Amino acid sequence: MSGNRTFTMIKPDATTAGNTGKILDKIIESGFTIRAMKWTQLSKEDASRFYEVHKERPFYGELVEYMTSGPIVAAILEKENAVEAFRNLIGATDPSKAEEGTIRKMFAKSIAANAVHGSDSDENAAIEGAFFFSSREQA
Ligand code: GDP
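Below, the structure is looked at part by part. (Residues numbered from 1 in each chain as written. Predicted model: local features only at pLDDT ≥ 70, side-chain atom pairs only at ≥ 80, totals over all residues. Heavy atoms only, no water.)

1. Re helix H2 (residues 20-29)
Okay, so step 1: All of the buried residues along H2 are Thr20, Ile23, Leu24, Lys26 and Ile27. Looking straight down H2, one finds that the buried residues subtend no more than 160° of arc, so they occupy a single side.
Okay, so step 2: Backbone geometry just after H2 places Gly31 at a positive phi near 95°. (Buried < 20%, exposed > 50% of the residue type's maximum accessible area, 1.4 Å probe, protein only. Helix = DSSP H or I, 4+ residues; strand = E, 2+ residues; numbered from the N terminus. Arc of directions from axis to C-beta.)

Encoded structure:
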């Protein structure tokens, strides 16, 4: 059975472009409840650790650099079948391939600066949520 929570970040391209409020509206309108949220900035060490699963990929260095280039908003979201529902809402990694109406189609600038993160499994949603929020903060 799939879980009802996922984890998201609004990425630096979207926060610095002033799109945080519009993206949060879209998330809430799509039926997600925000269970925890913070505006913060990742250090190089934070971003390297968060994206460690991608460390063998050729874009890892660029990804870490980009994710530390401005503020991010981290949030835990709740909805039935949350991981899949949220991946559908954000659209494909590359915004030029994302469907109309998805958050990445509407707000992403490129495959790297793609506006939002969404966990890809229940297991990663729990790990990523715990990266930013204590158990009390995500009750
Ligand atoms: P996601 O699950 O849709 O976020 O995509 P991935 O797990 O494949 O990649 C993680 C993140 O790495 C993406 O959201 C992008 O920010 C970044 N990324 C993916 N592909 C590329 C690429 O080819 N170049 C660069 N610079 N960044 C990329």
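Text resumes after the structure shown.
2. Section: the site of the ligand
Okay, so step 1: Around the ligand, the structure places Lys11, His54, Arg57, Phe59, Glu62, Leu63, Arg87, Thr93, Arg104, Ile111, Ala112 and Asn114.
Okay, so step 2: Here an oxygen atom of the ligand and a side-chain polar atom of His54 are 3.3 Å apart.
Okay, so step 3: Protein coverage of the free-state accessible area of the ligand, which is 550 Å², stands at 83%.
Okay, so step 4: A molecule is said to occupy a pocket when more than half its atoms come within 2 Å of that pocket's grid points, and by this definition the ligand occupies the largest pocket. (Near = heavy atom within 4 Å. Polar contact = N/O pair within 3.5 Å; in protein donor to acceptor, adjacent residues only side chain to side chain. Areas by Shrake-Rupley, 256 points an atom, 1.4 Å probe, with all protein chains shown as cover. 1 Å grid on protein atoms, 1.4 Å probe; cavity = no way out; pocket = protein on both sides within 12 Å on 5 of 7 lines; lining within 4 Å. Sits in = over half its atoms within 2 Å of the grid points.)

3. A word on helix H7 (residues 122-132)
Okay, so step 1: When we look at burial in H7, the residues that qualify are Ala125, Glu128, Gly129 and Phe132. Viewed along the axis of H7, the buried residues span an arc of 105°, placing them on a single side of the element. Exposed and facing more than 90 degrees away from the buried side of H7 are Glu123 and Ile127.
Okay, so step 2: Those residues of H7 that are buried lie in contact with strand E1 (5-10), strand E2 (33-40), helix H3 (44-50), strand E3 (72-78), helix H5 (82-90) and strand E4 (116-118). (Contact = heavy atoms within 4.5 Å.)

4. Thoughts on the pairing of E3
Every other side chain in a regular strand lies on the same face of the sheet, so the side chains alternate between the two faces.
Okay, so step 1: In terms of burial, E3 is a largely internal element, 7 of the 7 residues being buried.
Okay, so step 2: Residues of E3 alternate between two faces, with Ile72, Ala74, Ile76 and Glu78 on one and Val73, Ala75 and Leu77 on the opposite face, all of them buried.
Okay, so step 3: Where E1 lies against E3, 6 bridges are found, and the strand directions are antiparallel. The residue of E3 that forms the bridge with Met9 is Ala74. (Pairing = 2+ DSSP bridges.)

Any functional reading would require information beyond the geometric quantities listed.
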